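# Coordinate inspection notes
Here's the letter readout for the chains.
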Amino acid sequence: MVNSKKALIVVLPYMVNGEKKVKKTHKRNIRSFLAFPYGALTIASYVRKESNHDVEIIDLNIPLQSDPSADVGLLFEKYLSNGFYDFIGFSMSYDNSFPWLELLTNIALEKFPKSIMFAGGPAASTAYKEILKLVRNLHAICYLEGEGPLLEIMNSTNPKQVLKSSNTWITPEKCRDLLFAPAATHVDLGGVIDVDYELVSQDAYNMREAFSPFVKYHEDSKQFFIVTSRGCPFKCVFCAEPSLQGSNMRYASVSSIISHIKFLIDNYGLTVLTIYDDQILLNKVRAKEIFREIGKLNIRVEMPNGVTLSYIDEEMAMLMSKAGVDTLFLAIESGSPRVLREVVKKPIAFKKIKPVVNLLKKYNIFACAFFVIGLPGETREERIETRNFAYDMGFDWCFFNYATPLRGSQLYKDCVDNGWIKEKYRELGSINMSEYVLDIPGTSKEEIQETIFNMNIDLNFVNNVNIRDANIELAIRSFKEVLLRHKDHPIAHFMLSICYKTIGNIELDEYHYGIFKDIVNENLNWLDVCSKFNLSIDNNDTFISKKVKLVETA
């Protein structure tokens, strides 16, 4: 038996604070909530299950959530004083986490100069050359899946030789070899489903991620995550997945999935299951079996990554509803068939969209849609086409996102090749997904930003489908959900006042209208929005008396 060794997996900050040691341009929040470090958990759980080695996880985002001014470097240094680690790995899911690598590897090197240090995760796999060039303390980067590779080096009597010989481990020397091509090491997914949640503080991750008017969170809610498959056959231009997991789908068995969910219910009190698969519905027979079994467990199910609507038939909709799916995110991307076909490169049967939305509503599933705006080649007319398409389809809520050139995506390559992003945005960690960074000839950044803002106000608030269809209670739930995330959103308050006036609750009508007026009167920008969308700051009867009009966005 190999002597027991010890590894530490460090989840790099993505809830970035203002620490002076990190570049000012990188002081941006990537997420507004803490997500279970699922990748780190599967790796650590797998190694511990398959060997006598010990693996610990430290998530540096936890102290940042409770204290945004926390000095992460000092916290990490203090944690390392707990003992010796043979291996220290840094989990990097987002480019914006990169600035922390050098700081933390310097601390680790000073404390444990003989430890093997490596990085892994999606962002590390797509930018390994840049990372190894800039962070001198790393021995290697693990390419893609880390369960098997970490077990291999921990089992080895000569781990540095494994790093040198395996194409899954990318070393600085291999980066200088023009013929070197990294290759992923895959494990049976059935062996990684049983995640050991004792490795992290479960209570730190109880949060509301997915937007839904049906969320029923309370003190006793317990949310856990699962990934039941890996891979995606589609090659959407803005997605890095084709360069990561690839097009070949791999699945964990349904029995292992249901067994683990039952374990989480019995041992941790799971009430909410978040499925993070990229293509949970692709294998329809398997998906239906999963939902059929989950339907017996009396839990709520979220799928925030979005699903491909082509696989939804009436039985699928019914089974998802019975399994506790009350909100579904449809990855539509564009309302223009040409943009979808020629730019996004995503096959969607447009004639199926409206019937699927109707099916979801039949089974009381809140139908949301994802759209990407500002792709190269998309015209102003096609953006208006997307807006009118979304209106006609009757989605309960629409999410409009900037076309963002993520490393590893075809969009990023095209942007670099064509000079569509400035040099400063090619630097690791410099792109913030909440801003539009493309410089496409003939496309105005300001216009894209205004279009997305207008589409959101137009379709989700002023022309909200549930107000149009007189589903006032559902509209109220939706606007309240907005306020839980953005408590000072004046248009949400205005629409709530309209809803409450409609059902005769004058007290709540006046309450929300008063908040709306206070916010708008203090902010001239919101006054302009009110003028554009005919929202009166003097009397909301003005809005009620007017027929809701289609509003063309810029």
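Residues numbered from 1 in each chain as written. Predicted model: local features only at pLDDT ≥ 70, side-chain atom pairs only at ≥ 80, totals over all residues. Heavy atoms only, no water.

## Overview of the overall build of the chain
If you tally the helices and strands in the chain, you get 23 helices and 14 strands. Over its C-alpha trace the chain gives a radius of gyration of 25 Å, about what one expects of a compact globule, namely 24 Å for 554 residues. Partitioning the intrachain contacts of the chain with sequence separation of at least 6 by distance along the chain shows that 73% fall at a separation of at least 24. With an accessible surface of roughly 23,800 Å², the chain has 50% of that area assigned to carbon and sulfur atoms. Mean positive and mean negative side-chain charge positions of the chain (64 and 68 charges, respectively) differ by 3 Å. (Helix = DSSP H or I, 4+ residues; strand = E, 2+ residues; numbered from the N terminus. Rg over C-alpha atoms; globule rule 2.2 N^0.38 Å. Contact = heavy atoms within 4.5 Å. Areas by Shrake-Rupley, 256 points an atom, 1.4 Å probe, with all protein chains shown as cover. Lys, Arg positive; Asp, Glu negative; His and termini not counted. Charge placed at Lys NZ, Arg CZ, Asp CG, Glu CD.)

## Thoughts on the pattern of salt bridges
Evaluated as defined, the whole model comprises 32 salt bridges. Aspartate 417 serves as the salt-bridge partner of lysine 413, at 2.9 Å between the closest nitrogen and oxygen. Of this pair, lysine 413 and aspartate 417 both sit in helix α16 (residues 410-418), four residues apart, which is roughly one turn of the helix. (Salt bridge = Lys/Arg side-chain N within 4 Å of Asp/Glu carboxyl O.)

## Structural notes on the confidence of the model for the chain
Looking at the chain, the pLDDT average stands at 91 and 93% of residues meet or exceed 70. In this model residues 16-29 is a low-confidence stretch, pLDDT under 50, and it forms 39 contacts with partners more than four residues away in sequence or in other chains. (pLDDT = per-residue confidence, 0-100.)

## Comments concerning the sheet that holds strand β11 (residues 300-302)
With respect to topology, three strands assemble into an open sheet ordered β7-β10-β11, the strand pairing being parallel. In the strand order of this sheet, the two ends are held by β7 (223-226) and β11, each with one partner. In this sheet, adjacent strand axes meet at a mean angle of 25° when their direction is disregarded. Packed onto the sheet, helix α10 (residues 254-268) meets β7 and β10 (272-275) and runs at close to 160° relative to β7. (Pairing = 2+ DSSP bridges. Axes fitted to C-alpha atoms, helices over the stretch in contact; angles between N-to-C directions.)

## Regarding the environment of proline 122
Note that proline 122 resides in helix α5 (residues 122-126). Spatially, the C-alpha atoms of proline 122 and phenylalanine 84 are 27 Å apart, while their sequence positions differ by 38 residues. Not counting the four nearest positions on each side in its chain, proline 122 is found in contact with Met92, Ser93 and Leu244.

## What to know about the pairing of strand β4 (residues 116-120)
Counting buried positions along β4 gives five out of five residues, so the element sits mostly inside the fold. Here β4 shows no split at all, with Ile116, Phe118 and Gly120 on one side and Met117 and Ala119 on the other all buried. Bridging between strand β3 (residues 87-91) and β4 involves five bridges; their strand directions are parallel. Each bridged residue has a counterpart across the sheet, and for isoleucine 88 the counterpart in β4 is methionine 117. The sheet contact formed by β4 and strand β5 (residues 140-142) spans two bridges and is parallel. Opposite phenylalanine 118, over in β5, you have alanine 140 as the bridge partner. (Buried < 20%, exposed > 50% of the residue type's maximum accessible area, 1.4 Å probe, protein only.)

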